[in-house]
Amino acid sequence: MNILILGSGGREHSLAWAVKQNPKCDRLIVAPGNAGIAGVAECAALDIMDGAAVVAFADAQSVDFVIIGPEAPLAAGVSDALRAAGIKCFGPSAAAAQLEASKAFTKEICDASGAPTADYARFTNAAEARAYVEAQGAPIVIKADGLAAGKGVVVAMTLDEALAAVDDMLGGAFGEASAEVVIEEFMAGEEASFFVLSDGKNILPVGTAQDHKRAYDGDAGPNTGGMGAYSPAPVMTDAVVEKALTQIIQPTVDEMARRGTPYQGVLYAGFMINDGQPRLVEYNVRFGDPECQVLMMRLGAQALDLMLACAEERLDDAQANWANDHALTVVMAAMGYPGAYEKGSRISGLDNLTEDSLNMVFHAGTGIADNHLVATGGRVLNVTARGATLAEAQERAYRTVDQIDWPGGFCRRDIGWRALG
Ligand code: AMP
Ligand code: GLY
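What comes next is a walk through the structure. (Residues numbered from 1 in each chain as written. Chains lettered and ligands numbered in written order. Predicted model: local features only at pLDDT ≥ 70, side-chain atom pairs only at ≥ 80, totals over all residues. Heavy atoms only, no water.)

A closer look at the site of ligand 1
Taken together, 14 residues are adjacent to ligand 1, and E184, E185, M187, E191 and E282 come closest. Here a nitrogen atom of ligand 1 and a side-chain polar atom of E184 are 2.6 Å apart. In the environment of ligand 1, an oxygen atom lies 2.7 Å from a nitrogen or oxygen atom belonging to the side chain of E282. Expressed as a share of its isolated accessible area of 480 Å², the protein-covered part of ligand 1 is 86%. For the shell around ligand 1, the secondary structure elements donating two or more residues are β7 (140–144), β8 (153–156), β9 (181–185) and β16 (277–284). Within the shell around ligand 1, the residues separate by chemical class into 8 nonpolar, no polar and 6 charged. (Near = heavy atom within 4 Å. Polar contact = N/O pair within 3.5 Å; in protein donor to acceptor, adjacent residues only side chain to side chain. Areas by Shrake-Rupley, 256 points an atom, 1.4 Å probe, with all protein chains shown as cover. Helix = DSSP H or I, 4+ residues; strand = E, 2+ residues; numbered from the N terminus. Nonpolar A, V, L, I, M, F, W, Y, C, P; charged D, E, K, R; others polar.)

Now the structure itself:
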């Protein structure tokens, strides 16, 4: 079958790498892709936010199956356009993508399904929001309702910080996305991510992971899109997974179906776990980046079979076969990230690396200039490894990191510390 993946990051490189290994995959196209993805797939220029353009491209190239990587095309209805044209697609409808695109919507779904989450209130009026914050006290969490490129959440440890965030967001900091705010109870505990496929009715867990949000070692520095991840997450014990599935995930999927907007795709749940009880922090409607890289490393070629079963609504007889192993990925980012950083710095040393089912360097933001690999983004490479233990996966990943010659880049040296410590 001919397969098209939409996106250009490390997530999409790992998806392409896994899909390509499956004998069902004849031709693989990634739009727009990047310099690393070009090693496993054809890359095509295409406006992935434009549903009609994606449909026309898929028709012209006889594409049988489209996998949508990032949230923006999902929220923009690209999967709706594909399904309307009779093209099979992995990724939720725009209506179901509200689970990521609107925090207030997710809270409504939690209320309706009884899923454990933080107490909250919603505001569009700054004076009312300020009064609520003053009555609740700090710590407290202020969230822009809509998509704000990962910057729409302020975990305020003081009242002043909280009030400033309210003024900022309702004052238009993120435009339409922060015209409404959700103000939430601060939840203490350990965070973990859980990835579950849903075909609209049936669910199938495909892995747990933990991310590292802060830029520097010891969880210091500014928030980022994620500086590294590993799977599985030890805090997601069988008992926690069971609670997550029965109290949060299945009720969400049931409520979405009841509303006539069934959720089909991967549901990425962020949990806060305290005393063995998971509570929902947020949903995303796509794979995490870089969490996807460790999941794909562990799932390999079967990832395609599972995504197809999801799109064909037959997850009830699908199964994920796990090796009892661990995977870890280290993000190499351009110096300065997540602030201002330079583009175009040269990266060497990748040509001589071993790339196999245990070691892979996924590209997140690379291009070619003057016949040389260069950085084109903030997060640039995802050095990923598998091992029988997490320690072994970590050692393998950093051994590869040390072979890469990139003076313009940096990475954390402590990915995995929480699970290894
Ligand atoms: P988000 O952008 O929704 O992923 O939120 C960013 C981060 O803010 C999460 O990963 C959590 O670390 C933190 N966070 C969000 N909501 C809460 C909450 N209610 N209590 C504590 N931390 C939170
Ligand atoms: N790594 C966090 C995310 O993909 O949202």
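Describing the site of ligand 2
Close to ligand 2 lie D211, K213, G225, Y268, R286, G288, D289, P290 and E291, which account for all nearby residues. Within the side chain of D211, a nitrogen or oxygen atom sits 2.9 Å from a nitrogen atom of ligand 2. Here a nitrogen atom of ligand 2 sits 2.9 Å away from a polar atom, N or O, in the side chain of E291. Isolated, ligand 2 exposes 200 Å² of accessible area, and the fraction of that covered by the protein chains is 89%.

Some details on the nonpolar core
Looking at soluble globular proteins, one finds that nonpolar side chains tend to be buried together. Residues L6, L82, M236, I249 and F271 are the most contacted members of the largest nonpolar core, which totals 49 residues. Apart from the residues within four sequence positions on either side, M236 is in contact with A192, F194, T208, V241, F271 and I273. Listed in part, the 44 residues of the second largest apolar core include V19, A320, A327 and F362. (Core = buried A, V, L, I, M, F, W, Y, C linked by side-chain atoms within 4.5 Å. Buried < 20%, exposed > 50% of the residue type's maximum accessible area, 1.4 Å probe, protein only. Contact = heavy atoms within 4.5 Å.)

What about the pairing of strand β2 (residues 27–32)?
Two elements, strand β1 (residues 2–7) and β2, share 6 bridges in a ladder whose sense is parallel. The partner of L6 across the bridge, within β2, is A31. Each parallel crossover has a hand, and the one from β1 via helix α1 (residues 10–20) to β2 is right-handed. Relative to strand β3 (residues 42–43), β2 runs parallel, the two being bridged by 2 bridges. Bridge pairing in β3 places I29 opposite E42. (Pairing = 2+ DSSP bridges. Right-handed = clockwise from strand over helix to strand, strands pointing away.)

Some points on the sheet that holds β3
Taken in spatial order, the 5 strands line up as β3-β2-β1-β4-β5 in an open sheet, and their pairing is parallel. Only two strands of the sheet have a single neighbouring strand rather than two, namely β3 and β5 (88–90).

Focus on helix α7 (residues 126–136)
Where α7 starts, the residue carrying a side-chain oxygen 3.0 Å from the main-chain nitrogen of A127 turns out to be N125. Positive phi shows up at G137, right after α7, with a value of about 80°.

Examining the sheet that holds β7
Strand order across the open sheet formed by 4 strands is β6-β9-β7-β8, with antiparallel pairing between neighbours. Among the strands making up the open sheet, the edge pair consists of β6 (120–123) and β8. Between one strand axis and the next, the sheet turns through 20° on average, direction left out of account. Strands β6, β7 and β9 of the sheet are contacted by α7, whose axis makes an angle of about 160° with β6. Across the sheet, helix α8 (residues 159–170) touches β6, β7, β8 and β9, and the angle it forms with β7 is around 10°. (Axes fitted to C-alpha atoms, helices over the stretch in contact; angles between N-to-C directions.)

Notes on the packing of α7 against α8
Viewed as axis vectors pointing N to C, α7 and α8 meet at an angle of 160°, and their least axial separation amounts to 10 Å. One element, α7, and the other, α8, form an angle in the roughly antiparallel class. Here α7 and α8 pass one another in a crossing that is right-handed. Mapping the contact onto sequence places A126, A129, R130, V133 and E134 in α7 and L159, A162, L163, V166, D167 and L170 in α8. (Parallel < 35°, antiparallel > 145°, perpendicular 65-115°, else oblique. Left-handed = near helix turned anticlockwise from the far one by under 90°.)

Description of α1
Residues lying three or four places apart along an α-helix face the same way, a consequence of the helix completing one turn every 3.6 residues. Of all 11 residues in α1, 10 are buried, a share of seventy percent or more. For α1, the set of buried residues is G10, R11, E12, H13, S14, L15, A16, W17, A18 and V19.

As for unusual backbone geometry
In this structure, P32 follows A31 across a cis peptide bond, with omega equal to -5°. Note that P32 resides in strand β2. Looking along the chain, the bond that leaves Y337 and enters P338 is cis, with omega of 10°. Turning to its location among the elements, P338 is positioned in the loop between β17 (326–334) and β18 (359–363). Even without being a glycine, D275 presents a positive backbone phi close to 55°. As for its placement among the helices and strands, D275 is situated in the loop between β15 (264–274) and β16.

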